[in-house]
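# Secondary and tertiary structure notes
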Amino acid sequence: MTYQAIDRYPRGDGGPRVVIMTLTTAQRARPEQSTAPAGTARARLWPGLLAATLAVAASWGAHRIWPHVPMLTVAVALGVLAANVRVLPAATAPGLGFAGRRLMRAGVVLLGLKLALGDIVGLGPPTVAMVIVVVLVTFFATQWLGRRMGLPGDQPLLIATGFSICGASAVAAMNGVSDSDEEDVVTSVALVTLCGSLAIGVLPLLRAPLGLDPTHYGGWVGASVHDVGQVVAAGGVAGPVALHTAVVVKLMRVLLLAPIVAGTAYALRRRAARAGDTGRAGSRRPPLIPLFVLGFLAMVAVRSTGLVSAGVLEAAGTVQDLLLAAALFGLGGMVRLGRLIRTGWRALLLGFASWVLIAGAAYGGVLLTM
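The following paragraphs examine the structure supplied in this document. It should be emphasised that the depicted structure is a prediction, and the values quoted were computed from it without experimental measurement. (Residues numbered from 1 in each chain as written. Predicted model: local features only at pLDDT ≥ 70, side-chain atom pairs only at ≥ 80, totals over all residues. Heavy atoms only, no water.)

### Quick notes on the overall build of the protein chain
Applicable threshold: Elements are defined by DSSP. Helices are runs of H or I of four residues or more, strands are runs of E of two residues or more, and each kind is numbered from the N terminus. To sort residues, take the accessible area from a 1.4 Å probe on protein chains only and compare it with the maximum for the residue type: under 20% means buried, over 50% means exposed, and anything in between is partly exposed. Residues count as neighbours in contact if any of their non-hydrogen atoms are within 4.5 Å of one another. Using a 1.4 Å probe, accessible areas were evaluated by the Shrake-Rupley method; residue-level cover was limited to the displayed protein chains.
The secondary structure content of the protein chain amounts to 18 helices and two strands. Counting over 370 residues, the protein chain shows a buried share of 45%. Pairs at least 24 apart in sequence give 76% of the contacts found in the protein chain among residues at least 6 apart. Carbon and sulfur atoms make up 66% of the accessible area of the protein chain, which amounts to about 17700 Å² in all.

Right, dumping it as structure tokens:
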């Protein structure tokens, strides 16, 4: 969206000169980005990045003590806690914003190294088709339900993306083309983290009543739980067979991140063209495929060659976890629980509905195909 600002200053002959400047929403909200020296801008990041580093260390320590608790869940919880007990000074805001956006995208790129196309082929056509159907049903049905509930802004899109694909990483990837308000991003991340964390405790309890063997249980976890770390925590309780199946099915969902983001970007570009927003000064057309999504696909290709050593993959996985933990702490640091309680009940309801939807669709799909 663009705004026009009118500035008047005298001409040389004493008459007024009128200058009309077109500003995008981002420029109007953050004018200092275009005027601050580069060194000053970088210096403003350090307080927030230092806070994120300390939070990552604490999250890593908590995960070492309680291995069943994913580090990323601890990181976002620490961010929410720090924001709402007001221990984060205002000087940390630029660095936390940088972490929540830039470091998250770097983590998404490295996420591609977890996925080899050979693993996906090994699932077999029925299972691959099942995963695609579950993701698409959850993605579109959640958006439809969110719009029917009257959720504002891009919340239906971001919540649908996070629940259907891979949690906070998917929310960040979709924000790369939707350029959503920070409040919509933070709300979506908070919901998908909450429901994914609940799944770690709930799904193992349902395994016996539902009569699922390790393969079916692993497939159910992989097709329905949001974050990769949460999948590992929920699937690992049923043994190595369940864990392997859960991770491979989950990574099949991760692979769908690129086409869904690209498809959404294309839809947004067409919508902007129909609205007549293209070609005007200051207009912003979303990229068809963001660079970090291309980076993600490149890492998938690299992993699929089989030339990357186990040590490199392990090191890249560690770096990815650290980047995503810092990013989630940054996003959690923007959550205001009071505001969510007052205005976010519809988003909370949508989050739980989407969780039930994907769990039910995945359960039925696993019984039919695996």
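### Some words on the side chain of D184
Operational definition: Whenever a nitrogen or oxygen atom comes within 3.5 Å of another N or O atom, the pair is scored as a polar contact, on the condition that within protein one atom can donate a hydrogen and the other can accept it, and that pairs from neighbouring residues in sequence are kept only if both atoms are in side chains.
By the element assignment, D184 lies in helix α10 (residues 182-210). At a separation of 3.1 Å, a polar atom in the side chain of D184 contacts the main-chain amide nitrogen of D154. With residues up to four places along the chain from it excluded, the contact list for D184 reads P152, G153, D154, Q155 and L158.

### Concerning unusual backbone geometry
In this structure, R86 is a non-glycine residue whose phi angle is positive, near 60 degrees. Along the polypeptide, R86 turns up in the loop between α4 (71-84) and α5 (93-111). We classify R86 as exposed; its relative accessible area is 70%.

### Overview of the packing of aromatic side chains
Note the cut-off: Any two of the Phe, Tyr and Trp rings considered here, Trp counted by its six-membered ring, make a pair once their centres fall within 6.5 Å; the pair's planes then place it as stacked at under 30 degrees, edge-to-face at over 60, or tilted in between. By the criterion adopted, a ring carries a charge over it if an Arg CZ or a Lys NZ lies within 6 Å of its centre and within 35 degrees of its normal.
Tallied over the entire structure, the rule returns three aromatic pairs. Ring geometry for F139 against F140: centres 5.0 Å apart, planes inclined by 75 degrees, an arrangement best described as edge-to-face. Judged by its relative accessible area of 51%, F140 falls in the exposed class. Pairing F352 with W355 gives two aromatic rings, centres 6.2 Å apart and planes at 50 degrees, and the pair type is tilted. Highlighted residues: F352 and W355, both in helix α18 (residues 345-369), separated by three residues, approximately one helical turn. Taking relative accessible area as the criterion, F352 reaches 30% and is therefore assigned partly exposed. By relative accessible area, which is 13% here, W355 ends up buried. The ring of Y217 has R207 lying over it, and the distance from NZ or CZ to the ring centre is 5.9 Å.

### A look at the packing of helix α11 (residues 214-224) against helix α13 (residues 240-255)
So the rule is basically this: To get an axis, a line is fitted to the C-alpha atoms, and for a helix only the part in contact is used. The angle between two axes follows their N-to-C directions and goes from 0 to 180 degrees. Throughout this description, any angle smaller than 35 degrees is read as roughly parallel, any larger than 145 degrees as roughly antiparallel, any in the 65 to 115 degree range as roughly perpendicular, and the remainder as oblique. Two helices crossing with the near one rotated counterclockwise from the far one by less than a right angle form a left-handed crossing, whereas a clockwise rotation gives a right-handed crossing. The residue classification treats Ala, Val, Leu, Ile, Met, Phe, Trp, Tyr, Cys and Pro as nonpolar and Asp, Glu, Lys and Arg as charged. All others, Gly included, are polar.
It is at 7 Å that the axes of α11 and α13 come closest, and there the two elements cross at 30 degrees. Relative to α13, the element α11 is oriented roughly parallel. Like other packed secondary-structure pairs, α11 and α13 cross with a definite hand, here right-handed. Mapping the contact onto sequence places P214, T215, Y217, G218, G219, V221, G222, A223 and S224 in α11 and V241, A242, T245, A246, V249, K250 and R253 in α13. For the contact of α11 with α13, the per-class residue count stands at eight nonpolar, six polar and two charged.

### Points about helix α14 (residues 257-274)
What counts, and what does not: The span one expects for a helix is its residue count, reduced by one, times 1.5 Å.
The first and last C-alpha atoms of α14 sit 26 Å apart over 18 residues, in line with the 26 Å expected at 1.5 Å per residue. Inspection of α14 places L257, A258, I260, V261, A262, T264, A265, L268 and A272 among the buried residues, and these make up the whole buried set. The secondary structure elements touched by the buried residues of α14 are α5, α7 (125-148), α8 (155-164), α9 (168-178), α13 and α15 (291-304).

### Overview of the packing of helix α12 (residues 228-236) against α13
Between α12 and α13, the shortest axis-to-axis distance is 8 Å and the interhelical angle comes to 155 degrees. With respect to each other, α12 and α13 are oriented roughly antiparallel. Of the two elements, α12 crosses α13, and the hand of that crossing is right-handed. When α12 is examined against α13, the residues V228, V231, V232, G235 and G236 are found in contact with a partner set consisting of A242, L243, A246, V247, K250 and V254. Residue composition of the contact of α12 with α13, grouped by class: eight nonpolar, two polar and one charged.

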